[in-house]
Amino acid sequence: MDKALVDAALAAAAQLGKDVAEVPLSAIAAAAGISRSTLLRRLGGSRTLLDEAVRQTGVDPGGRPPVRERAIEAAAVLITRDGLGAVTMDAVAAAAQCSPTSLHAIFGGRDGLLAAMFDRYVPVPSLEMLAAGSPHSIEETVHAVYGALVEAFSREPRVLPAIFGDLFSRPDGTAARMLKANLPRMFASLGTLLTSQIQAGRLRPIPLPLLIQLMVGPLAGHMLLRPALREALGDDVLPPVEEVSRTFAEAFLRAAAR
């Protein structure tokens with residue numbers, strides 16, 4: 001662990017009068033003179049390593065999250081770094097500093113742990129919240145959906161891209177089963193949002209599976225390729241994700257709106 005990050009964490013904790021574990025990552029990043037996203041990348045997507053490095057200096061980082069939260073975060077880091085196959089109960093227990101027995105008691109097994117992690121990092125809960133809200137204009141609806149999708153693909157650790165990576169390499173593997181189990185929820189929430197717009201005459205009556213694919217496909221492809229595009233083209237050429245979201249939303253509206 002970079003000593004400068006440990007020093008920044010200790011300095012931010014002293015300034016705020018809090019334990020290191022309670023200091024927001026944004027405050028630690030500011031103390032280190034870097035962005036929060038850069039800090040997350042240097043920490044491997046999790047503050048667990050930072051807390052352990054602080055502990056090794058003789059300073060107690062403070063309160064720890066419950067085992068459930070630590071396990072979900074540990075599983076997310078493992079799948080992002082090493083792939084879905086690395087997410088075993090023993091590996092998660094070691095990373096979360098708990099026992100495999102406690103994980104089985106909480107999640108019921110590996111599938112339960114993966115389901116909890118999936119629910120945390122995919123856009124389904126956000127889409128369900130949108131679908132449960134008040135009706136919006138077609139423009140507000142589409143831009144809100146794209147915002148939820150971008151947030152899910154950008155969230156660190158990058159669980160959603162890792163799940164797609166496993167899906168592409170093993171079409172009948174664990175990721176495929178996870179997506180199959182959750183697709184009805186995503187389809188239902190997007191279906192609610194889009195069907196109301198079709199019934200109001202604001203969207204063309206395209207079959208719902210095709211309409212959803214038309215909405216999600218281009219943006220998902222960009223977000224999956226974005227790390228490689230950034231390496232190849234540079235940040236000065238690649239538009240910010242907010243602009244990407246807005247561009248794809250407007251393209252969808254031109255293609256599908258009446």
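Owing to the predicted nature of the structure, the values given are computational and were not obtained by experimental measurement. (Residues numbered from 1 in each chain as written. Predicted model: local features only at pLDDT ≥ 70, side-chain atom pairs only at ≥ 80, totals over all residues. Heavy atoms only, no water.)

K.L.:
Please provide a residue-by-residue account of the side chain of arginine 155, values included.
P.N.:
When you line up the elements, arginine 155 lands in the loop between helix 10 (138-154) and helix 11 (159-169). Separated by 2.2 Å, the side chains of arginine 155 and glutamate 151 make a polar contact. (Helix = DSSP H or I, 4+ residues; strand = E, 2+ residues; numbered from the N terminus. Polar contact = N/O pair within 3.5 Å; in protein donor to acceptor, adjacent residues only side chain to side chain.)

K.L.:
I'd like a description of the nonpolar core, backed by residues and values.
P.N.:
A general feature of soluble globular proteins is that nonpolar side chains tend to end up buried together. Counting 62 residues, the largest nonpolar core has Val92, Met117, Leu190 and Met215 as its most contacted members. For this core, the leading source of residues is helix 10, giving nine residues. Those residues in contact with methionine 215, other than ones at most four positions away along the chain, are Val142, Val145, Tyr146, Leu190, Leu194 and Phe252. Leu5, Ala9, Ile28 and Ala53 belong to the second largest nonpolar core, which has 17 residues in total. (Core = buried A, V, L, I, M, F, W, Y, C linked by side-chain atoms within 4.5 Å. Buried < 20%, exposed > 50% of the residue type's maximum accessible area, 1.4 Å probe, protein only. Contact = heavy atoms within 4.5 Å.)

K.L.:
Which residues make up unusual backbone geometry, and what values go with them?
P.N.:
Along the chain, glutamate 156 connects to proline 157 via a cis peptide bond; the corresponding omega equals -10°. Its identity as a non-glycine residue notwithstanding, glutamine 97 has a phi of 55°, on the positive side. By the secondary structure assignment, glutamine 97 is in the loop between helix 6 (89-96) and helix 7 (100-107).

K.L.:
Please give an account of the packing of helix 9 (residues 124-132) against helix 10 that cites residues and values.
P.N.:
At a closest axis distance of 9 Å, the pairing of helix 9 and helix 10 adopts a crossing angle of 160°. Between helix 9 and helix 10, the interaxial angle falls into the category roughly antiparallel. You can see that helix 9 and helix 10 cross each other, and the crossing is right-handed. Across the interface between the two elements, Ser126, Leu127 and Leu130 from helix 9 touch Ala144, Val145 and Ala148 from helix 10. Split into classes, the residues belonging to the contact of helix 9 with helix 10 amount to five nonpolar, one polar and no charged. (Axes fitted to C-alpha atoms, helices over the stretch in contact; angles between N-to-C directions. Parallel < 35°, antiparallel > 145°, perpendicular 65-115°, else oblique. Left-handed = near helix turned anticlockwise from the far one by under 90°. Nonpolar A, V, L, I, M, F, W, Y, C, P; charged D, E, K, R; others polar.)

K.L.:
Got a sec to walk through the UniProt feature "domain: HTH tetR-type" (unreviewed entry) in the protein? Specific residues and values, please.
P.N.:
Residues given the UniProt feature "domain: HTH tetR-type" (unreviewed entry) here are residues 65-125. The straight-line gap between the two end C-alpha atoms of residues 65-125 is 22 Å; of that span, 75% is helix and 0% is strand. (UniProt positions renumbered as here; feature names shortened; annotations may be inferred.)

K.L.:
Could you give an account of the packing of helix 1 (residues 3-16) against helix 2 (residues 25-32), naming the residues involved and the relevant values?
P.N.:
In contact at an axis separation of 8 Å, helix 1 and helix 2 are set at 115° when each is read in the N-to-C sense. In this structure, helix 1 meets helix 2 at a crossing whose hand is right-handed. Seen from helix 1, the contacting residues are Leu5, Ala8, Ala9, Ala12 and Leu16; seen from helix 2, they are Ala27, Ile28, Ala31 and Ala32. Classifying every residue of the contact of helix 1 with helix 2 gives nine nonpolar, no polar and no charged.

K.L.:
Account for the side chain of serine 245, with residues named and values stated.
P.N.:
Inspection of the secondary structure assignment puts serine 245 in helix 14 (residues 241-256). Judged by its relative accessible area of 10%, serine 245 is buried. Those residues in contact with serine 245 that lie beyond four places of it in its chain are Tyr146, Gly147 and Val150.

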